[in-house]
Amino acid sequence: MEEKEISQAVIGRLPRYFRYLGELKDQGVERISSRDLSGLMKVTASQIRQDFNNFGGFGQQGYGYNVEYLYNEIGKILGLDRQHNFIIIGAGNLGRALGNYLNFERRGFIFRGMFDCNPDLAGTKVRDVSVMPMEEMERFIAENDIDIAVLTIPKTGAVSVAERLVQTGIRAIWNFAHVDLNVPEGIQVENVHLSDSLMKLSYNIRRGEKLETGEGSL
């Protein structure tokens, strides 16, 4: 049977559901209604039900949702019931910070290797992972079943490194370089522009100031 096409908006909300349900599970909450979940997440109960109905619903009328079951099922949908090995390319401050983020392992994302073109960084460590020269990247990917490459390098080198990654058969790229990557169909790319988030904050600060002064009123 052909798999139903799910909108990116729904997919974008799944990690947030997963996070909130994980917190509820840790608190010992056994079940929750769409209305109560709505109050926590600031998403309408109708939207929650519509999102879950894309995957079969999960709930029972008059009972709500079993928190642990729903948490586990969304984890499966997100592919978190299997391990994903990843490497980081770029051993600067951001790359090292991501390498030190232990929560990735809790979600099944295992930090396997780090690469940098600076020979002075070769052999230095992030946790128990040694920084390796870029020349070893392709061999390491082939020998260690790497699914995801994380790019934390300047945009000037990101495109050429992405082209090398494509040739290795990498399945996904998490791109923090300040350039949107275009790769062949079948390779998943998540472009992350940190400054975009700051600009959104700036806009909302400015909007709030206008509303306070009456500039933004109709």
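Parameters and conventions
Residues numbered from 1 in each chain as written. Predicted model: local features only at pLDDT ≥ 70, side-chain atom pairs only at ≥ 80, totals over all residues. Heavy atoms only, no water. Salt bridge = Lys/Arg side-chain N within 4 Å of Asp/Glu carboxyl O. Helix = DSSP H or I, 4+ residues; strand = E, 2+ residues; numbered from the N terminus. Buried < 20%, exposed > 50% of the residue type's maximum accessible area, 1.4 Å probe, protein only. Core = buried A, V, L, I, M, F, W, Y, C linked by side-chain atoms within 4.5 Å. Contact = heavy atoms within 4.5 Å. Pairing = 2+ DSSP bridges. Axes fitted to C-alpha atoms, helices over the stretch in contact; angles between N-to-C directions.

K.L.:
Explain the pattern of salt bridges here, please?
P.N.:
Side chains carrying opposite charge are able to pair once their charged atoms draw close together. With the rule as written, the count across this model stands at nine salt bridges. Close ionic contact of Glu-73 with Lys-76 constitutes a salt bridge, the shortest N to O distance being 3.3 Å. Here the residue Glu-73 and the residue Lys-76 both occupy positions in helix α4 (residues 67–77), the gap between them amounting to three residues, near one helical turn. Looking at Glu-73, the relative accessible area reads 18%, which means it is buried. Within this structure, Arg-82, Asp-147 and Arg-171 form a network of salt bridges that share partners.

K.L.:
Looking at this model, I keep getting lost on the nonpolar core. Mind explaining?
P.N.:
One finds Ile-87, Ile-89, Met-137, Leu-151 and Leu-165 to be the most contacted residues of the largest nonpolar core, which totals 20 residues. The set of elements that each furnish at least two residues to this core consists of β3 (84–89), α7 (137–143), β7 (148–151) and α8 (155–168). The element contributing the most residues to this core is α8, with four residues. Setting aside anything within four residues of it in sequence, one finds Leu-165 in contact with Ile-89, Met-137, Ile-141, Ala-149, Leu-151, Ile-170 and Ile-173.

K.L.:
Could you clarify how one ought to interpret the sheet that holds strand β4 (residues 109–116) in this entry?
P.N.:
Two modes of strand pairing occur in sheets, parallel and antiparallel, and in both the strands are linked by backbone hydrogen bonds. Strand order in the open sheet made by the seven strands is β5-β6-β4-β3-β7-β8-β9, with mixed pairing throughout. On the outer flanks of this sheet lie β5 (125–126) and β9 (188–191), each paired with one strand and no other. Pairing of β4 with strand β6 (residues 129–133) involves three bridges; the strand directions are parallel. Paired with Met-114 across the strands is Val-131, a residue of β6. Against the sheet, α8 engages β3, β7 and β8 (172–175), with an angle of about 170° to β7.

What is shown is where atoms sit, not what they do.
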